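Chain by chain, the residues run as shown.
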Amino acid sequence: MANEETEALIGRVAMRDQKAFTTLYKRTSPKLYGVCLRIIGNRTDAEEVLQEVYVKIWQRAEQFAASEGPATPWLTAIARNRSIDFVRARKPVADEIDAAHDLADTEPGPEEQAIVKGEGRRIDRCMEELEADRARAVRSAYIEGLSYQELADQHSVPLNTMRTWLRRSLIRLRECMDR
Amino acid sequence: MSTPDQSKGGRSRDEVLAGEYVLGVLSLEDRQKVERRMRSDRQFAAIVSRWEQNLSEFNEEYEMVTPAKSVFPKIERRIFGDAALGAHLWNSLLVWRAVALGSLFLAAGVVVFTITNNGISRSVPGKQLTASLAGQNSAINLLADYDASSGRLKVTPVAAGKPEEKSLELWLIRGSDPAEALGVLPQTGEGEIVLPQELHGKLTEGAIIAVSIEPFGGSPTGKPTGDVVASGTIRFP
């Protein structure tokens, strides 16, 4: 997907250009279907969710046209979010918010600056700084949309250990990328 | 859900929470809480979108898989519906704005006209009066032609800007075929487009008519080159 062309297409979709929408679907659906299928795991449900994804894209194209991010990550985020919502609804997991966000405070650095300044390092380099099993857990959480419990089972560690692994890894990744 | 917190601890918690959301490990309910907070807390939304950008490098691992052919027609049905939701020819915000604005001017114009020209128009049968109706930042203007003898007021869209610079061109789009030119709307607002014989049978229900801004006289390439300002599906009224 050439980002610029895809961006132009989304701009036309925002203007309710149905032909542009058809072209956008042709061009992007193999990637987005790949996302849905990887996370959901079966074709029937993945195709159902893919429909929702494109309905969302049609509805939100105007928002994208107003923002200035690149197109492919935006589209992929919609596909990932819809797919993860689907698997979480199918197989509920325990809530995390307000439970045990009790991490040792590391140094987050000057916060405001962190948001406006450009990204320091690529994630790959920072991933190399994590222990191998934690880096694997971060990666498969993202790519397969696994829950804490599923990750704990996959790595044969207690649930709490997995929570700590991922949360500490997130803090270390953020520190590394801000460096 | 924690309230926006500027302390280090709050920031660090927000970083983790946003990261957990983007990784996808949270429960459905927590995901919805995060999304609600993103809508009300711009700083937090920025943290989430930074994680999205950072982690998007992992997207390369997703493989391309072609979905079944039956999926797209279902999407079209969901969006455009059997009742042709949103598929009316002039269902474009831009055009509606121009029309709404235009009709305001028009209402004023017609009133002035009847007062100042009362009596005169009858003595000059067939005389045409015109008004160009413009909206701010609109890609199109509306040209109103009034034929005093018949009482006929005709309103035609034309490209905004100097007449010799731009034209509005109409296109027909059938399925996935390339757009076919239906013709250029006369910049004078006069006349209609007469379709070539070979196109007569092609304007059927479900086909799309679109209008684009083109260089004066129409697209030099035979394909739309400028912005599409309006499009819609043909349907039975």
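Quick summary incoming for the structure in this document. Because the structure is a prediction, the values reported are computed rather than measured. (Residues numbered from 1 in each chain as written. Chains lettered and ligands numbered in written order. Predicted model: local features only at pLDDT ≥ 70, side-chain atom pairs only at ≥ 80, totals over all residues.)

1. Looking at helix 2 (residues 28–40) of chain B
Every α-helix winds through 3.6 residues per turn, so residues three or four apart in the chain are directed the same way.
Residue and element names in this part refer to chain B.
Thinking step 1. Taking 1.5 Å of rise per residue, 13 residues should cover 18 Å, and helix 2 covers 19 Å from first to last C-alpha, within 8% of that figure.
Thinking step 2. Within the span of helix 2, buried status applies to D30, R31, V34 and R37. Buried residues along helix 2 cover an arc of 125° about the axis, so they all sit on one side. Of the exposed residues in helix 2, those oriented more than 90 degrees away from the buried face are R36, R39 and S40. (Helix = DSSP H or I, 4+ residues; strand = E, 2+ residues; numbered from the N terminus. Expected span 1.5 Å × (residues − 1). Buried ≥ 20, exposed ≤ 12 C-beta atoms within 10 Å, placed from the backbone. Arc of directions from axis to C-beta.)

2. Quick notes on the sheet that holds strand 6 (residues 208–215) of chain B
Strand pairing within a sheet occurs via backbone hydrogen bonds; the two strands may be parallel or antiparallel.
All names here are of chain B.
Thinking step 1. Read from one edge of the open sheet, four strands run 5-4-6-7, paired in antiparallel fashion. The open sheet has two edge strands, strand 5 (180–185) and strand 7 (228–233), and neither has a second partner. Strand after strand, the sheet turns through a mean of 25° between neighbouring axes, direction not considered.
Thinking step 2. Sheet topology places strand 4 (residues 166–173) next to strand 5; five bridges connect them, and they run antiparallel. Its bridge partner being in strand 5, W171 is matched across the sheet by A181. (Pairing = 2+ DSSP bridges. Axes fitted to C-alpha atoms, helices over the stretch in contact; angles between N-to-C directions.)

3. A few points about the environment of V22(B)
Residues and elements named next belong to chain B.
Thinking step 1. Position of V22 among the secondary structure elements: in helix 1 (residues 8–23).
Thinking step 2. Residue classification places V22 among the buried positions, given that 27 C-beta atoms sit within 10 Å.
Thinking step 3. Along the chain, V22 and N54 lie 32 residues apart, while their C-alpha atoms are 10.0 Å from each other.
Thinking step 4. Not counting the four nearest positions on each side in its chain, V22 is found in contact with V48, W51, E52 and L55. (Contact = placed C-beta atoms within 7 Å.)

4. A word on the environment of R122(A)
Residue and element names in this part refer to chain A.
Thinking step 1. Take R122: it is sitting in the loop between helix 5 (111–116) and helix 6 (123–127).
Thinking step 2. Residue R122 is classed as exposed on the basis of its C-beta count, with 11 C-beta atoms lying within 10 Å.
Thinking step 3. Separated by 55 residues in sequence, R122 and M177 have C-alpha atoms that sit 7.1 Å apart.

What is shown is where atoms sit, not what they do.
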